[in-house]
Amino acid sequence: GAVVSQHPSWVICKSGTSVKIECRSLDFQATTMFWYRQFPKQSLMLMATSNEGSKATYEQGVEKDKFLINHASLTLSTLTVTSAHPEDSSFYICSARDLPGATYEQYFGPGTRLTVT
Amino acid sequence: EDKVVQSPLSLVVHEGDTVTLNCSYEVTNFRSLLWYKQEKKAPTFLFMLTSSGIEKKSGRLSSILDKKELSSILNITATQTGDSAIYLCAVKDNYGQNFVFGPGTRLSVLP
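For clarity, every value in this text was computed on a predicted model and none was experimentally measured.

This next bit is on the layout of surface pockets. Residues and elements named next belong to chain A. Taken as a whole, the second largest pocket holds about 180 Å³ of empty space. Lining the second largest pocket are 13 residues; nearest its centre among them are Gln38, Phe39, Pro40, Lys41 and Arg113. Among the residues making up the lining of the second largest pocket, the classes are represented as four nonpolar, three polar and six charged.

This is the structure in structure tokens:
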């Protein structure tokens, strides 16, 4: 149980275009999903916390207009990188948290590798 | 601000060696500490620790939490090349929704 999927697993796009990454909890409901990015040889850095039905909470230094997050249902959150630039190239990982009363832990997706050319 | 420190940052050993990875933290209202193993993709869960002195064990891996010292160790005995990975420590408090991750320890096990 507790499987989280991400789509796509990798994507290459041109500078200036937008890319949408989906994060789905497959066998449980997640009121909260988290988006991380990871640069090579570095640890996970939280970008934002996404709550179902409300606006995402962004970490300091993360541009909310550039990284659009939508959490429309209890099983789906999306991250859209708008007007992507080469410096946005990174590994993006989502995680999903059970509803309170369940195991209440985070489960990670497999990640999406974004390359902006 | 919550903070997690891991040491060493990098470690190279030979198969059969035993390694100890360290994690120390500064967090108000500590709730739990978690260890993850990250290979090529997203981290995979190893252990969750909430109480001091209780060892969690899974095969050749074990971990223990010392809340007095605000630290935890992850032991791997009889290492194998498949243990090569980044080992991440994360801490969660009672108020925050998220984990704070440490920088990770990159373990390389040579044949």
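On we go from here.
How big an interface is tends to be expressed through the accessible area that disappears when the partners come together. Across the boundary between the two partners, chain B contributes 18 residues, which contact 20 residues of chain A. Along the contact surface separating chain B from chain A lie zero salt bridges. For the pair chain B and chain A, the interface holds two residue pairs in polar contact (both at pLDDT 80 or more). Mapped by element, the contributors of at least two residues to the side of chain B that touches chain A are strand S4 (30-38), strand S9 (85-93) and strand S10 (99-101) of chain B. Among the elements that make up the side of chain B that touches chain A, the one with the highest residue count is S4(B) (four residues). Considering only residue class, the side of chain B that touches chain A consists of nine nonpolar, four polar and five charged.

Here we come to the packing of aromatic side chains. One pass over the structure, following the stated rule, counts nine aromatic pairs over all chains. Counting every residue linked through ring pairs, the aromatic cluster contains Tyr36(A), Phe108(A), Tyr36(B), Phe45(B) and Phe101(B).

What follows is about the side chain of Arg37(A). All names here are of chain A. The topology assignment puts arginine 37 in strand S4 (residues 30-38). One buried charged residue, arginine 37, forms no salt bridge at all, with the nearest opposite charge on aspartate 88 at 4.6 Å. There is a polar contact of 3.4 Å between the side chain of arginine 37 and the backbone oxygen of glutamate 87. Apart from the residues lying within four places of it in its own chain, the contact partners of arginine 37 are Ser43, Leu44, Met45, Met47, Phe67, Glu87, Asp88, Ser89, Ser90, Phe91 and Tyr92.

Here the focus is the pattern of salt bridges. Should their charged atoms come close, side chains of opposite charge can pair. Residue and element names in this part refer to chain A. Applying the stated criterion across every chain yields a total of four salt bridges over all chains. Between glutamate 22 and arginine 24 there is a salt bridge, with the nearest N and O atoms lying 3.4 Å from each other. Across the salt bridge formed by lysine 66 and aspartate 88, the nearest N and O atoms sit 2.9 Å from each other. Linking lysine 66 in the loop between strand S6 (57-58) and strand S7 (67-73) with aspartate 88 in the loop between strand S8 (76-81) and strand S9 (90-98), this pair joins segments that are 22 residues apart in sequence. Classification of lysine 66 as buried rests on a relative accessible area of 11%.

This part is about the nonpolar core. Grouped together as the largest cluster of nonpolar side chains are 23 residues, with contacts concentrated most on Trp35(A), Leu79(A), Tyr92(A) and Leu114(A). At the level of elements, strand S2 (10-13), strand S3 (19-25), S4, strand S5 (45-51), S7, S8, S9 and strand S11 (112-116) of chain A are the ones that each hand at least two residues to this core. The next biggest cluster of nonpolar side chains, apart from the first, holds 22 residues, and it includes Cys23(B), Leu65(B), Ile76(B) and Leu107(B).

The next subject is the state of the cysteines. Residue and element names in this part refer to chain B. Taken as a whole and assessed by the stated rule, the structure comprises two disulfides over all chains. In this model, cysteine 23 is linked to cysteine 89 through a disulfide, with the two sulfur atoms separated by 1.9 Å. On the S-S bond that ties cysteine 23 to cysteine 89, the torsion sits near -65°, and the link is left-handed. Residue cysteine 23 is found in strand S3 (residues 19-26), and its partner cysteine 89 is found in strand S9; the two are separated by 66 residues along the sequence. Assessed through its relative accessible area of 0%, cysteine 89 is described here as buried.

A cis amide bond links His7(A) with the next residue in sequence, Pro8(A), at an omega value of 0°. Residues Ser7(B) and Pro8(B) are joined by a peptide bond in cis, for which omega reads -10°. Tracing the sequence through the fold places Pro8(B) in the loop between strand S1 (3-7) and strand S2 (10-14). Even without a glycine there, the phi angle at Ala78(B) is positive, about 45°. Within the secondary structure, Ala78(B) is located in the loop between strand S8 (71-76) and S9.

This next bit is on the pairing of S3(A). Residue and element names in this part refer to chain A. Alternating positions in S3 separate cleanly, Val19, Ile21, Cys23 and Ser25 being buried on one face and Lys20, Glu22 and Arg24 remaining unburied on the opposite face. As defined by bridge partners, strand S1 (residues 4-7) adjoins S3 across four bridges and the pair is classed as antiparallel. If you follow glutamine 6 over to S3, its bridge partner there is cysteine 23. Of the pairings in the sheet, the one linking S3 to S8 comprises six bridges and is antiparallel in character. Its bridge partner being in S8, cysteine 23 is matched across the sheet by serine 77.

So, how was this worked out
Here the residue index of a chain counts from 1 through its sequence in written order. For this description, chains carry letters from A and ligands carry numbers from 1, given in the order in which they are written. Local features in a predicted model are, by the rule used here, given only for residues with pLDDT of at least 70; side-chain atom pairs are given and counted only at 80 or more, and totals for whole chains, interfaces and linings are based on all residues. Hydrogens and water are ignored here; the side-chain numbers use all heavy atoms of the structure. Cavity: a set of points on a 1 Å grid over the protein atoms alone where a 1.4 Å probe fits but cannot get out. Pocket: an open set with protein on both sides within 12 Å along at least five of seven lines, its lining residues, like those of a cavity, having an atom within 4 Å of a point. Grid points are joined across faces, edges and corners, and a volume is the space filled by probe spheres set on the points. Classification convention: Asp, Glu, Lys, Arg as charged; Ala, Val, Leu, Ile, Met, Phe, Trp, Tyr, Cys, Pro as nonpolar; all other residues, Gly among them, as polar. Whether two residues are in contact is decided by their heavy atoms, any of which lying within 4.5 Å being enough. Salt bridges are defined as contacts in which a side-chain nitrogen from Lys or Arg sits within 4 Å of a carboxyl oxygen from Asp or Glu. Pairs of N or O atoms within 3.5 Å make up the polar contacts considered here, provided that, within protein, one atom can donate a hydrogen while the other can accept it, and that residues adjacent in sequence are counted only when both atoms are side-chain atoms. Labels follow the DSSP assignment, with helices taken as runs of H or I lasting at least four residues and strands as runs of E lasting at least two, numbered in each case from the N terminus. Within 6.5 Å between ring centres, the rings of Phe, Tyr and Trp (the latter by its six-membered ring) count as paired, and their orientation is classed by plane angle as stacked under 30 degrees, edge-to-face over 60, tilted in between. Relative accessibility under 20% of the residue-type maximum defines a buried residue, over 50% an exposed one, and the middle range a partly exposed one, all with a 1.4 Å probe and only protein chains included. Charge counting follows a simple rule: Lys and Arg are positive, Asp and Glu are negative, and His as well as the terminal groups are ignored. Nine residue types can take part in a nonpolar core, namely buried Ala, Val, Leu, Ile, Met, Phe, Trp, Tyr and Cys, and a core is a set of them joined through side-chain atoms within 4.5 Å. Note on terminology: disulfide denotes any pair of cysteine sulfur atoms within 2.5 Å. What makes two strands pair is DSSP finding at least two bridges between them.

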